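# Breakdown of the fold
Residue strings, one per chain:
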Amino acid sequence: MTIVVKVGGAAGNALDPVLTDLARRDDYVLVHGGSEAVDRLGEALGRPSKYFTSPSGVVSRRSDPAHLEVVVLALAGGVQTEIVAAFARLGVRAIGLSGVDGRLLLARRKDGMREVVDGRVLRVTDDRSGTIERVDAALLRSLLGLGLTPVVGPPAVTAQGEVVNVDADRVAAEVAVALRAETLLLLTNVPGLLRDRNDPSTVLRSVPKEGVEEAVALAEGRMRKKVLAACAAVDGGVPRVVIASSRGVAPVERALAGEGTVFS
Ligand code: ADP
């Protein structure tokens, strides 16, 4: 049973419990984000992260060339190496791949993006972000077949060989679809999609097809991206997607048991 697990990179996520839990399994792909690491490196380099909000209310990181450079350094050069090393300490032979490696994640550059500034809709200029068009599932399967655990994260690459930023939740969804994964887990710093985002006891237990609109409406900011990614995975044929906490003991087992918000 192939599963795809994405662990969040915002503050408040816990990595060790996820890796410890995964080390007991085989046949999985780990996808990572790393927004906190990107923010931290950006501050240190004098290129603090900037975000913008689309007319539909989705918050995205600004990915002009200077910021994309920070993303690449912090994720492919930083977070990914740390995860592979942490796996090594657990006796797992992992291999880190950005979407550029082996052209794993082929994307098309986004154009015509819009942002809302002071109530006005403006064009986003100089953006280097993309939409994933193809995942090389055969490459991932070959690595799994060699007994290697793929650790995958942004950026992606275009057919012209340009590096583009992609959303890590979307990477996880596309990888799960391409691998025909049984389950996709989106592990994050909250216990699931919350009815009241300030009250962790208000987890929405399940989102059936007809509940998608309500789920999208509940999710603000970056959670909206996660919910849209979950829906995209279900639409792409993944039978079950769970948004759940990365914290506590055995987060993978608990999410597989349905603790969190289950999309099906
Ligand atoms: P990660 O890096 O773990 O992927 P994100 O920061 O991208 O995490 O998304 C999780 C965040 O989304 C939460 O910490 C929370 O602040 C925010 N959020 C917005 N609306 C909701 C909601 N309805 N339920 C849960 N979290 C929400």
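The present account deals with the structure reproduced in this document. This is a predicted model, so every value here is computed, not measured.

So, about helix α4 (residues 137-145). A137, L140, L143 and L144 are the residues of α4 that are buried. The arc enclosing the buried residues of α4, seen along the axis, measures out at 125°, which places them on a common side. For α4, the secondary structure elements touched by its buried residues are β2 (28-32), β5 (94-98), β9 (130-135), β10 (149-153) and α5 (168-178). Downstream of α4 by a residue or two, G147 has a phi angle that is positive, lying close to 80°.

Let's shift gears to the packing of α5 against helix α7 (residues 221-235). Each pair of packed helices can be summarised by the angle the axes make with each other and by the distance between the axes. Between α5 and α7, whose axes approach to 9 Å, the crossing angle comes to 10°. As summarised for this structure, α5 and α7 are arranged roughly parallel, according to the angle between their axes. Side by side, α5 and α7 meet where D169, R170, A173 and V177 of the first sit next to K226, L228, A229, A232 and A233 of the second.

This part is about the sheet that holds β9. Pairing within the open sheet is mixed, and its 4 strands lie in the order β9-β6-β11-β12. Lying at the two open borders of the sheet, with one neighbouring strand each, are β9 and β12 (163-164). Sheet topology note: the strand β11 (residues 156-158)/β12 ladder contains 2 bridges and is antiparallel. The residue bridging V157 from the neighbouring strand is V163, located in β12.

Analysis parameters
- Residues numbered from 1 in each chain as written.
- Predicted model: local features only at pLDDT ≥ 70, side-chain atom pairs only at ≥ 80, totals over all residues.
- Heavy atoms only, no water.
- Buried < 20%, exposed > 50% of the residue type's maximum accessible area, 1.4 Å probe, protein only.
- Helix = DSSP H or I, 4+ residues; strand = E, 2+ residues; numbered from the N terminus.
- Arc of directions from axis to C-beta.
- Contact = heavy atoms within 4.5 Å.
- Axes fitted to C-alpha atoms, helices over the stretch in contact; angles between N-to-C directions.
- Parallel < 35°, antiparallel > 145°, perpendicular 65-115°, else oblique.
- Pairing = 2+ DSSP bridges.

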